[in-house]
Amino acid sequence: MDFSNKTVFITGASRGIGFEIAKKMASVGANVVIAAKTATPHPKLPGTVFSAAEEIERLGGRALPLVLDIRDENHVFEAVEKVVETFGGIDILVNNASAISLTGTLWTDMKKYDLMHQVNARGTFLTSKACLPHLLKSKNPHVLTLSPPLNLEARWFENHVAYSMAKFGMSLCTLGMAAEFKNKVAFNSLWPKTIIATAAIEFAVGNSDMLDRARKPSIMADAAYEIFKQDHVSTTGQFFIDEEVLRAANYTDFDVYKVNPSLGDHELIPDFFI
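Residues numbered from 1 in each chain as written. Predicted model: local features only at pLDDT ≥ 70, side-chain atom pairs only at ≥ 80, totals over all residues. Heavy atoms only, no water.

Caption draft 1: Molecular detail of a nonpolar patch on the surface. A cluster of nonpolar side chains, namely Leu150, Leu172 and Leu175, defines an oily patch on the protein surface of about 250 Å² accessible area. Among the structural elements, leucine 150 can be located in the loop between strand S5 (142-145) and helix H5 (161-180). (Patch = residues over 30% accessible without salt bridge, like charges linked within 9 Å, V, L, I, M, F, W, Y side chains within 5 Å. Areas by Shrake-Rupley, 256 points an atom, 1.4 Å probe, with all protein chains shown as cover. Salt bridge = Lys/Arg side-chain N within 4 Å of Asp/Glu carboxyl O. Helix = DSSP H or I, 4+ residues; strand = E, 2+ residues; numbered from the N terminus.)

Here you go:
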């Protein structure tokens with residue numbers, strides 16, 4: 001699969017997994033759109049759309065930084081048009097932007113509830129809707145949403161109902177749109193087998209020691225790349241797990257993804273939905 005001059009639109013791409021996917025795709029020749037809300041440095045989270053784009057360009061890639069709040073319908077459509085004006089189209093969309101609050105019902109204020117649902121479920125739907133007219137013109141269009149496999153067992157909800165509802169809303173977009181656009185656009189979800197060491201997760205859980213037992217965001221980027229290499233007709237409606245994708249693609253060394261390579265696989269912390 002040749003990604004030269006293909007355009008990848010990534011939400012929440014100023015840091016973490018989104019940024020790693022951007023770097024990976026730029027390294028294989030794709031144009032990458034760094035779409036995120038962060039225009040100025042966050043006091044607790046690193047990276048802005050501009051610093052991310054500058055790093056990609058230093059590595060030899062082409063990047064378009066866009067300050068974007070995916071809760072704003074007009075801004076999303078304006079951003080899509082800017083991408084098309086700049087690069088001529090959109091071939092891949094990565095719905096990575098997400099808000100997280102791992103709180104129980106009594107400790108979840110409605111402002112936080114609304115944020116998670118507006119960014120996660122609504123934002124995924126809106127950004128997919130805005131990009132679809134252009135994706136439908138691509139030869140091998142993919143939409144990849146970073147959301148968990150659909151599973152309605154109570155254990156996935158009981159400790160953080162509001163967050164689980166918002167994340168599974170993203171997964172429902174994958175399920176429904178894969179059927180709606182069958183043979184036209186691939187819609188898949190990707191989720192990590194273990195927790196991933198990102199500043200956002202550290203900020204959400206408030207425990208930096210946990211990240212020593214995590215994997216690096218690069219495992220998600222490599223898995224995304226392997227999914228994008230697949231044909232959009234045959235590979236759609238799937239809920240992929242990062243390690244399973246890479247094993248199917250004959251990757252064998254998973255120690256390179258560990259934050260602490262000296263730990264055994266059994267010492268890694270499974271993700272919240274695994």
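Caption draft 2: Highlighting helix H1 (residues 16-27). For H1, which comprises twelve residues, the first-to-last C-alpha distance of 17 Å matches the rise-based estimate of 16 Å (1.5 Å per residue) to within 8%. Where H1 is concerned, the buried positions are Ile17, Gly18, Phe19, Ile21, Ala22, Met25 and Ala26. In the core, the buried residues of H1 are packed alongside strand S1 (7-11), strand S2 (31-36), helix H2 (49-58), strand S4 (92-95) and helix H7 (218-228). Of the residues one or two after H1, glycine 29 is the one with positive phi, at around 100°. (Expected span 1.5 Å × (residues − 1). Buried < 20%, exposed > 50% of the residue type's maximum accessible area, 1.4 Å probe, protein only. Contact = heavy atoms within 4.5 Å.)

Caption draft 3: The arrangement of the pattern of salt bridges in detail. Following the criterion strictly, the structure yields eleven salt bridges and no others. With a closest N to O distance of 4.0 Å, lysine 23 and glutamate 55 form a salt bridge. Placement of lysine 23 in helix H1 and of glutamate 55 in helix H2 is noted, with a sequence separation of 32 residues between them. Among the residues examined, glutamate 55 registers a relative accessible area of 28% and is labelled partly exposed. Across the pair glutamate 226 and lysine 229 runs a salt bridge whose closest N-O atoms are separated by 3.2 Å. The exposure class assigned to glutamate 226 is buried, which follows from its relative accessible area of 9%. Through salt bridges that share partners, Lys193, Arg215, Glu243 and Arg247 make up one connected network.

Caption draft 4: How the structure looks around the environment of proline 41. Residue placement: proline 41 occurs in the loop between S2 and H2. Separated by 28 residues in sequence, proline 41 and aspartate 69 have C-alpha atoms that sit 16 Å apart.

Caption draft 5: Inspection of the nonpolar core at higher detail. Counting residues in hydrophobic clusters, the biggest one holds 40 residues, and the most contacted among them are Phe9, Val83, Ile90, Leu135 and Phe187. Counting only elements with at least two residues in this core, the list comes to S2, strand S3 (62-67), helix H3 (73-87), helix H4 (110-135), H5 and strand S6 (186-191). In contact with phenylalanine 187, not counting residues within four places along its chain, are Ser128, Leu132, Val143, Thr174, Met177, Ala178, Phe181, Thr236, Gly237 and Gln238. (Core = buried A, V, L, I, M, F, W, Y, C linked by side-chain atoms within 4.5 Å.)

Caption draft 6: Fine view of the state of the cysteines. For the coordinates displayed, the defined rule picks out zero disulfides. Cysteine cysteine 131 shares no disulfide, and the gap to the nearest cysteine sulfur, in cysteine 173, comes to 13 Å. Residue classification places cysteine 131 among the buried residues on the basis of a relative accessible area of 0%. Residue cysteine 173 is classed as buried on the basis of its relative accessible area, which comes to 11%. (Disulfide = S-S within 2.5 Å.)

That is the geometry; function is a separate question.
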